[in-house]
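# Descriptive analysis of the structure
Residue strings, one per chain:
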Amino acid sequence: MQQTLSIIKPDAVKKGVVGKIIDRFESNGLRIAATKKLWLSKCEASKFYAVHKDRPFFNDLVEFMTSGPVVVMVLEGENAVVKNRELMGATDPKQAEKGTIRADFADSIDANAIHGSDSIENANIEIAFFFSKREIL
């Protein structure tokens, strides 16, 4: 079983679609192995997205991710990283395939409802950022 990290972003939490998004995961064979709702500090968001620190959108991303609570989850299942990314859809919701999370719940390329790990290696790093081994069941 493979694990990946998913973050339901502040825009989707504010819209009240957390349950609908979780249902997408569970209906498509991904199990919730851990979950927590939290409000990221600027320091935490900056550390988590440090890979983007030299990109022009970094400050806006940190500002957005600290604008409200998020729901962070460890998803588990066969090919969890790829499956999660397929369910999320393209980063730009206008380009996202119909029926994907971003096509259905995102407002823009910046407020795009959800984050998902892009590789097994990054999934392991991202999961460890938010969860101890003891919290993952």
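What counts as what
One numbering rule holds for all chains: residues counted from 1, following each sequence as written. The predicted origin of the model limits local features to residues at a pLDDT of at least 70 and limits the giving and counting of side-chain atom pairs to 80 or more, whereas totals for whole chains, interfaces and linings rest on all residues. Values reported for side chains reflect all heavy atoms of the structure, with hydrogen atoms and water molecules removed beforehand. Put simply, a salt bridge is a Lys or Arg side-chain nitrogen that is within 4 Å of an Asp or Glu carboxyl oxygen. Helix numbers and strand numbers start at the N terminus; a helix is a DSSP run of H or I with at least 4 residues, a strand a run of E with at least 2. When a residue's accessible area, from a 1.4 Å probe over protein chains only, is under 20% of the maximum for its type it is buried; when over 50% it is exposed; and in between it is partly exposed. UniProt positions are given in the numbering used here, feature names are shortened, and annotations may be inferred rather than shown by experiment. Stacked, tilted and edge-to-face pairs are distinguished by plane angle, under 30 degrees for stacked and over 60 for edge-to-face with tilted covering the rest, among Phe, Tyr and Trp rings (Trp via its six-membered ring) whose centres lie within 6.5 Å. In this analysis the charged atom, NZ for Lys or CZ for Arg, is taken to sit over a ring once it is within 6 Å of the ring centre and within 35 degrees of the ring normal.

The next point concerns the pattern of salt bridges. Applying the stated rule across the entire model yields five salt bridges. With its nearest N and O atoms 2.6 Å apart, the salt bridge here joins aspartate 104 to arginine 24. With aspartate 104 in helix 6 (residues 101-105) and arginine 24 in helix 2 (residues 18-27), the pair connects residues that are 80 residues apart, well separated along the chain. Its salt-bridge partner being lysine 36, residue glutamate 135 comes within 3.2 Å of it at the nearest N-O pair. With a gap of 99 residues between them, glutamate 135 in the segment after helix 7 (120-130) and lysine 36 in strand 2 (residues 31-38) connect regions that are remote in the sequence. The class for glutamate 135 is partly exposed, based on a relative accessible area of 36%. Here lysine 36 falls in the partly exposed class, since its relative accessible area comes to 23%.

Before going further, it helps to spend a moment on the UniProt feature "domain: Nucleoside diphosphate kinase-like" (unreviewed entry) in the chain. Taking the numbering used here, the UniProt-annotated feature "domain: Nucleoside diphosphate kinase-like" (unreviewed entry) corresponds to residues 1-137. Between the C-alpha atoms that bound residues 1-137 the distance is 13 Å, and the span itself is 41% helix and 19% strand.

Let us now look at the packing of aromatic side chains. Throughout the structure, instances matching the rule amount to four aromatic pairs. Ring pairing ties together the aromatic residues Phe48, Tyr49, Phe129 and Phe130, which thus form one cluster. In this structure, lysine 36 packs its charged tip against the face of phenylalanine 131, placed 4.7 Å from the ring centre.

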